[in-house]
Amino acid sequence: MTSQHWPAPYADRPVDAVVDVPASKSLTNRVLVLAAIAEGPTVVRNPLVARDTSLMLAGLAALGVGIESSDDRVRVIPRPLRGPAAVDCGLAGTVMRFLPPVAALADGRIDFDGDPRSRTRPMGELLGALRSIGVALSPAARTLPFILDGTGSVKGGAVTVDASASSQFVSGLLLAGARYEHGIDVRHDGKPIPSLPHVEMTVAALRERGVRVDDAEPDRWVVHPGPVAAIDAVVEPDLSTAAPFLAAAAVTGGEVSVRGWPATTHQPGDQLRWILGAFGAQVELTGDVLRVRGRDRVSAVDLDLHDAGELTPVVAAICAFGDGSSRIRGIAHLRGHETDRLAALTAELQARGTDVEETPDGLVIRPLALRAGVFHTYNDHRMAHAGAVIGLRVRGLEVENIATTSKSFPGFAPAWSAMFE
């Protein structure tokens, strides 16, 4: 074992735990963007404090936004956006796709770049849409790095994008659209948009702040120009980050409860309720506590995760302990995430002894006896979550670079280990 390898806790008995998970990354970054272009200061309570949100705060500050952080809140003070500035996107899709439409409102040059892997993530459709409404960008740029030359305003209007690679193309344009002179009229032309609940989350956040959004027509969203109200916000727990903890109940025949589960939400992670039920677990939501009880076996499944692709690594890990062949479909877009998640899952599960077939839009997983070794994460927090779940039933498994979980849950490793104390 090296310092980069984390010995994953092995569950020699059914897990029995009550867990609190941190705030939603997706909601935190949406709220921060809207606060930056609002009519007045906003206080964001219970924000996620992690790498992706820190990058968002740093990017907004670089553009001139006032940021005052304390232990459990951030005060965002809108100011005129300006350059020159440099925005480090890291590996955060929400930063690289939400900030360029906002930065287009700045006066001056804005340089965007990120981690090496970020330079291969899809961006061309978003950059093309911005060019079509008059935003000056590096002429040939279709991904990071690129330069945006802002003039202090954006005309806006109608744009057409193929958002089949990422729903964030749509959300990024919608978030800034109310500040454009003519608003924004976004039309999707392509295969179905993945993770559509994230677009619904964006629309709901806009409407909460008084922005008029028309979305009655399929694959079209019209944001009307106007003010963005400064509304203080409390961020929900991140339901997708709860996935590995709830999976622990399913694969060990134990019981795990997650506190703070919202009664209604646009988070795709809420789909865990029926997904874990498909594996045979008993799932109950009582008040704001979601309780999952596993059984003595894990049922094989056939799941379409098109709208909740971020859950795929943990779901694949559960499938590795199923009582038959399982299929996960509708997730071709995961090839463009923090890593190519389909290739990564195939490689790591096969290395541990599972029979995995990568299909055009997903995975087929045929469980076989698993063996110890190193589970590689590819600097992807969701892959680290999958490795932790596998380790529950594979004694001696090591997870490479567990620190990558800081993207969404800096305290993941100690919180995971606490379930066994």
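One can find the structure itself at the top, above this paragraph.
Residues numbered from 1 in each chain as written. Predicted model: local features only at pLDDT ≥ 70, side-chain atom pairs only at ≥ 80, totals over all residues. Heavy atoms only, no water.

K.L.:
Can you help me understand the overall build of the protein in this one?
P.N.:
For the protein, the count of helices and strands is twelve helices and 23 strands. Across the 421 residues that make up the protein, the buried fraction comes to 60%. Nonlocal contacts in the protein, meaning residues at least 24 apart in sequence, comprise 72% of its contacts between residues at least 6 apart. On the protein, roughly 15400 Å² of surface is accessible, and the fraction owed to carbon and sulfur atoms is 49%. The averaged location of the 49 negative side-chain charges in the protein is 1 Å from the averaged location of its 41 positive side-chain charges. (Helix = DSSP H or I, 4+ residues; strand = E, 2+ residues; numbered from the N terminus. Buried < 20%, exposed > 50% of the residue type's maximum accessible area, 1.4 Å probe, protein only. Contact = heavy atoms within 4.5 Å. Areas by Shrake-Rupley, 256 points an atom, 1.4 Å probe, with all protein chains shown as cover. Lys, Arg positive; Asp, Glu negative; His and termini not counted. Charge placed at Lys NZ, Arg CZ, Asp CG, Glu CD.)

K.L.:
What am I meant to see in the packing of aromatic side chains here?
P.N.:
Any pair of aromatic rings gets described here by the distance separating the centres and the angle formed by the planes. Here the structure, examined in full by the defined rule, presents six aromatic pairs. Both rings, one in phenylalanine 112 and one in phenylalanine 146, keep their centres 4.9 Å apart while their planes meet at 20 degrees; by these two values the pair is stacked. Here phenylalanine 112, found in strand β7 (residues 107-113), pairs with phenylalanine 146, found in strand β9 (residues 146-151); they are 34 residues apart in sequence, far enough to count as distant. Neither phenylalanine 112 nor phenylalanine 146 differs from the other in exposure class; each is buried. Relative to phenylalanine 412, the ring of phenylalanine 245 lies with its centre 5.6 Å away and its plane at 65 degrees, an arrangement referred to as edge-to-face. (Phe/Tyr/Trp six-rings, centres within 6.5 Å; stacked < 30°, edge-to-face > 60°.)

K.L.:
Would you take a moment to explain the pattern of salt bridges for this structure?
P.N.:
Two side chains that carry opposite charge are able to pair once their charged atoms sit near each other. Per the stated rule, a full pass over the model turns up 29 salt bridges. Between arginine 293 and glutamate 255 there is a salt bridge, with its nearest N and O atoms 2.9 Å apart. One end of the pair, arginine 293, is in strand β17 (residues 289-293); the other, glutamate 255, is in strand β15 (residues 255-259), and 38 residues separate them in sequence. What makes arginine 293 partly exposed here is its relative accessible area of 27%. Bridged by salt links that share partners, the residues Lys25, Asp52, Glu338, Arg341, Asp380 and Lys407 form one connected network. (Salt bridge = Lys/Arg side-chain N within 4 Å of Asp/Glu carboxyl O.)

K.L.:
How should the sheet that holds strand β18 (residues 302-304) be read in this particular structure?
P.N.:
Read across the sheet, four strands follow the order β18-β19-β21-β20 without closing on themselves; strand pairing throughout is mixed. If you trace the sheet from one side to the other, it starts and ends with β18 and β20 (355-359), each paired once. Across this sheet, the average inter-strand angle for adjacent strands is 10 degrees, counted without regard to direction. Across three bridges, β18 lies against strand β19 (residues 326-329) in parallel orientation. The partner of aspartate 304 across the bridge, within β19, is arginine 329. Together, β18, β19 and β21 (362-366) form the strand contacts of helix α9 (residues 312-319), whose direction differs from that of β19 by roughly 170 degrees. Where helix α10 (residues 341-351) meets the sheet, it contacts β20 and β21, and its direction lies at approximately 165 degrees from that of β20. (Pairing = 2+ DSSP bridges. Axes fitted to C-alpha atoms, helices over the stretch in contact; angles between N-to-C directions.)

K.L.:
Would you explain the sheet that holds β7 in this entry?
P.N.:
Paired through their backbone hydrogen bonds, the strands of a sheet run either parallel or antiparallel. Pairing within the open sheet is mixed, and its four strands lie in the order β6-β7-β9-β8. Strands at the two margins of the open sheet, each flanked by one partner only, are β6 (85-88) and β8 (136-137). Sheet topology places β6 next to β7; four bridges connect them, and they run parallel. The residue of β7 that forms the bridge with alanine 86 is aspartate 111. Most of the contacts of helix α3 (residues 93-103) go to β7, to which it runs at about 170 degrees, and overall it touches β6, β7 and β9.

K.L.:
Is there a simple way to explain unusual backbone geometry in this structure?
P.N.:
Outside of glycine, negative phi angles account for most residues, and trans bonds account for most peptide bonds. In this structure, the amide linkage connecting glycine 83 to the following residue, proline 84, adopts the cis form with an omega of 0 degrees. On the secondary structure map, proline 84 appears in the loop between β5 (73-77) and β6. Geometrically, the link from leucine 144 to proline 145 is a cis peptide bond, its omega value of -5 degrees lying close to zero. Position of proline 145 relative to the elements: it lies in the loop between β8 and β9. For aspartate 219, which is not glycine, the phi torsion reads 60 degrees and is therefore positive. Along the chain, the position of aspartate 219 falls in the loop between β12 (213-214) and β13 (220-223). Judged by its relative accessible area of 38%, aspartate 219 is partly exposed. The phi dihedral of asparagine 401 falls on the positive side, at around 55 degrees, and the residue is not glycine. Following the sequence through the fold, asparagine 401 ends up in the loop between β23 (398-400) and α12 (412-418). Taking the relative accessible area as the measure of exposure, asparagine 401 reaches 15% and is therefore buried.

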